[in-house]
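Analysis of the macromolecular model
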Amino acid sequence: MDFGLDKKSNSLKTFNTIFIVIWLLLACFPFIWTFWGSFKVRADFFSRADWWYAITAFNTLIETGARFTKEAYSGAWFEGEFWKASRNTVIVTISVVSISLFLGTLGAYALSRSTKNYAFWILIIALIFRAMPHITLVSGYLFPFFQLQIWGILPTTIVVLVAINQPFTLWLLYSFFKTVPKELDESALIDGCSYFQAFRHIIMPVMWPGVITAGLFSLMLAYNDFTVTALLLNQENHTMVPKIQSYLGTNQHEGNLMWAVSAVVSATAPLFLLVMFFQRQVISGLTAGAIKG
Amino acid sequence: MPNRSFFWFFFPAGLAMILFIGLPIISTGIQSFYAQHDQILIEVKKCDPFGCKTSVVVDQEATSKIKEEKPLGKFNGFGTYIDRNHLASDQVSEFWNESKSVGEFIGKVGNLPFYKALVFTLTYCVIVTPCVLLLGFIIALSLNAISRKIRGPLIFGTILPMIVTPLVGSLVLFWMIDAEGIIGANLQILMDDPYLSVKSSKALTWITIIIYGVWHHSPFAFVVFYAALQTVPQEPLEASIIDGASRFQRVKHIVLPHIYPVVTFVALISLMDNFRVFEPIIGFSAEGSAQSLSWLIYDNLVNEEVILFGSAAATSIMTIVGISIILTPVLLRTWKEFRTNR
């Protein structure tokens, strides 16, 4: 809190700066370290002899002749078929985001404009659904999906992720639509528009800030999901996160652990770039609804 | 909005939620009353030059036939709930009679799979949630005191642990604390113990997972608190400075009461998220010494021989009951607010 009246003591300022620096180190260093290590060979990044090898690249120099190697990446992306997993992730993410935004905006708009009791109850039920651990839902899906023979394919997973995502999207967009003045669409209704026309011509042009935030969160959920994708997709259709886990399973194989390291970096980098670009929307999304308490 | 329009607007989202959240919960409930079929055994007489032996083998044909007829398994009632892998009522009462002291009883019960997982899940929730609130609040306070020009990149750095998926986050930490990683190796040097390994000790594994939990969830608390701090009114703060209130007093009497509703919101969300902890257990390969309720379900569902639908469903239902107990106070409060607002 920086006020004109408030003269801060120097010692407090120093302490504050040190604290922030330490926290940032804790928060960022693991990612920087993993990024650095992904260009080394296993004997360096997981060194039995001396952890300093990871920096001097002792074994990497011996094995490949250079300080940095792209071996782990080429191994994971081609031999380990990570390209397939990332293609699947792209398909799943794009479908989940577009479908859940389509359903979510319509539903949340209706909720925000309804004064009935049931709208309140629907929001409460959505909150309860939001609290359900995903794995308990998955244990409900598996058996019926096996019976219907729709297990293992991408469309099933996409629909499931859309549904799991709905409660949060509804709440986020509901609190966003609440901030859009009612008079805007009411005047359109008086002029003889139907609700759909009012939504199409009055609300849609002004809803994009909220939709972008909701879209980012759907994207993070679909992109990051492990529980649903690991259990509902077969090997062939695995997305990135379960794929990373499958590299861990065969630990004995020399190259595979480094595949996992490079896969982790490959999967994380796009997400970081995206959040760097849309930081403000992410933060406004996390605080939506919370501030009003 | 009239009911008709509301229905058509809400129908697609509602249908998705009913089909893929509502029905699965019911389906889980039904599955929890069934158990997988026993294998049908037959006696086979085998004769070889050294004599005849009767041995018991699985009648594959009959087993698969009964599986086809009743894919859900055999009806088991509450049998799965009270078996050894869940509430273990028989074992618990047996331990109660055998044990000489309460401590011994608790120790024995804590070794049963379900209670073991319950104890870990609750410990994790109870320790991680307050730590997350506290750390998030402190980070928000101190970032708020830093010049506005450089805050953007600092906030980006702060929220990194939150935006990666828990599996990736825990793997990244695990590779560092591994005996062959940077922190693990340095710990060995520091403690002068070349065999020190986080994996081998139960207590160390728990501490690692808890530290991971705080690391992963604090940014969320930070973001919400930071935004709330921007809305704290300036006048009372300035007045208190004139009255000579110390920094700590100002935070305690003006800032905290103002952001109190947000604190309960963050506490609730972190509690819900912490209760479902399970990816870090896989990331840290800690199955040996730390198991959570969600991990038990996962383990049943990836079982190699036959998927234990009934067992997973029973654990799921009990997890849902646990979540409802956590949620009840919040729901009651919301309901009261709704009544008074009307």
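Residues numbered from 1 in each chain as written. Chains lettered and ligands numbered in written order. Predicted model: local features only at pLDDT ≥ 70, side-chain atom pairs only at ≥ 80, totals over all residues.

The subject of this paragraph is the overall build of chain A. The number of helices and strands found in chain A is 16 helices and zero strands. What you see for chain A is a C-alpha radius of gyration of 24 Å, clearly larger than the 19 Å of a compact globule of 293 residues, by over 25%. Here chain A holds 293 residues, and 46% of them are scored as buried. Considering only contacts in chain A between residues 6 or more positions apart, those separated by 24 or more positions represent 71%. (Helix = DSSP H or I, 4+ residues; strand = E, 2+ residues; numbered from the N terminus. Rg over C-alpha atoms; globule rule 2.2 N^0.38 Å. Buried ≥ 20, exposed ≤ 12 C-beta atoms within 10 Å, placed from the backbone. Contact = placed C-beta atoms within 7 Å.)

Helix and strand counts for chain B stand at 15 helices and four strands. Rg of the C-alpha trace for chain B: 27 Å, well past the compact-globule value of 20 Å for 342 residues, more than 25% over. Across its three principal directions, the C-alpha atoms of chain B cover 105 × 75 × 45 Å. In chain B, the share of contacts with a sequence separation of at least 24, taken over all contacts with a separation of at least 6, comes to 68%.

So, on to the environment of B:Leu237. Relative to the elements of secondary structure, B:Leu237 occurs in helix α11 (residues 234–242). Sequence separation of B:Leu237 and B:Phe20 is 217 residues, and the distance between their C-alpha atoms is 49 Å.

Bringing the interface of chain B and chain A into the picture now. Note on interface size: it is often stated as the accessible area lost on association of the parts. Across the boundary between the two partners, chain B contributes 84 residues, which contact 78 residues of chain A. Of all the elements, helix α1 (residues 3–31) of chain B adds the most residues to the side of chain B that touches chain A, at 17 residues. Here the side of chain B that touches chain A is built from residues that sort into 61 nonpolar, 18 polar and five charged. (Nonpolar A, V, L, I, M, F, W, Y, C, P; charged D, E, K, R; others polar.)

A few words now on the nonpolar core. Ranked by internal contacts, the top residues of the largest apolar core, which has 155 residues, are A:Val138, A:Leu161, A:Ile244, A:Ala263, A:Val264 and B:Phe225. A total of 13 residues in this core trace back to one element, the largest contributor, which is helix α9 (residues 154–178) of chain A. Discounting chain neighbours no more than four positions away, the residues touching A:Ile244 are A:Ala260, A:Ala263, A:Val264, A:Ala267, B:Leu167 and B:Val168. (Core = buried A, V, L, I, M, F, W, Y, C linked by C-beta atoms within 7 Å.)

So, about the environment of B:Leu118. Residues and elements named next belong to chain B. When you line up the elements, Leu118 lands in helix α6 (residues 113–144). By C-beta crowding, Leu118 is classed as buried, having 20 other C-beta atoms within 10 Å. Considering only alpha carbons, one finds Leu118 and Phe275, 157 residues apart in sequence, at a separation of 9.8 Å.

Between α9(A) and α1(B), the least distance of the axes is 9 Å, while the angle of their chain directions is 120°. The pairing of α9(A) with α1(B) is recorded here as oblique in orientation. Between α9(A) and α1(B) the crossing geometry is left-handed. Seen from α9(A), the contacting residues are A:Val159, A:Val160, A:Val162, A:Ala163, A:Ile164, A:Gln166, A:Pro167 and A:Leu170; seen from α1(B), they are B:Ala13, B:Ala16, B:Met17, B:Leu19, B:Phe20 and B:Ile21. When grouped by side-chain class, the residues that make up the contact of α9(A) with α1(B) number 13 nonpolar, one polar and no charged. (Axes fitted to C-alpha atoms, helices over the stretch in contact; angles between N-to-C directions. Parallel < 35°, antiparallel > 145°, perpendicular 65-115°, else oblique. Left-handed = near helix turned anticlockwise from the far one by under 90°.)

Below, the discussion takes up the packing of α9(A) against helix α12 (residues 208–224) of chain A. Residue and element names in this part refer to chain A. Where α9 contacts α12, the two axes come as close as 10 Å, and the packing angle between them is 155°. Between α9 and α12, the crossing angle belongs to the class labelled roughly antiparallel. Between α9 and α12 the crossing geometry is right-handed. Here Leu161, Asn165, Phe168, Thr169, Leu172, Leu173 and Phe176 of α9 lie close against α12, whose contacting residues are Gly210, Thr213, Ala214, Phe217, Ser218, Leu221 and Ala222. Partitioning the contact of α9 with α12 into residue classes produces nine nonpolar, five polar and no charged.

Chain-level statistics for chain B give a pLDDT mean of 85 and a share of 99% at 70 or above. For this predicted complex, the interface score ipTM comes out at 0.86, alongside a pTM of 0.87. (pLDDT = per-residue confidence, 0-100.)

Interpretation of the predicted coordinates at a detailed level should be avoided for regions scoring low in pLDDT. Across chain A, the average pLDDT comes to 85, with 92% of residues at or above 70. Helix α16 (residues 279–287) of chain A is the least confidently modelled element of chain A, averaging 75 in pLDDT, while helix α6 (residues 82–113) of chain A averages 93, the highest of any element.

A positive phi angle, near 55°, is found at A:Glu81, a position not held by glycine. Mapped onto the fold, A:Glu81 is located in the loop between α5 (71–79) and α6. Its identity is not glycine, yet B:Ser285 carries a phi of approximately 35°, on the positive side. Following the sequence through the fold, B:Ser285 ends up in the loop between α13 (279–283) and α14 (293–301). B:Ser285 sits in the partly exposed class, given 15 other C-beta atoms within 10 Å.

So, on to the pairing of strand β3 (residues 51–58) of chain B. Residues and elements named next belong to chain B. With zero of its eight residues buried, β3 lies for the most part at the surface. Bridge analysis of strand β2 (residues 41–48) against β3 gives eight bridges, and the strand direction is antiparallel. Within β3, the residue paired with Asp48 across the bridge is Gly51. (Pairing = 2+ DSSP bridges.)

A word on helix α8 (residues 166–177) of chain B. Residues and elements named next belong to chain B. With twelve residues, α8 extends 16 Å from end C-alpha to end C-alpha; this agrees with the ideal 16 Å at 1.5 Å per step. Buried residues dominate α8, accounting for eleven of its twelve residues. Within the span of α8, buried status applies to Pro166, Leu167, Val168, Gly169, Ser170, Leu171, Val172, Leu173, Phe174, Trp175 and Ile177. (Expected span 1.5 Å × (residues − 1).)

On to the pairing of β2(B). Burial runs low along β2(B): only zero of the eight residues are buried. What sits between β2(B) and β3(B) in their antiparallel hairpin is a turn of two residues.

As a further point, take the environment of B:Leu154. You can see B:Leu154 is positioned in helix α7 (residues 151–163). Once you skip the residues sitting within four places of it in the chain, B:Leu154 turns out to touch A:Ile20, A:Leu24, B:Leu143 and B:Ile146.

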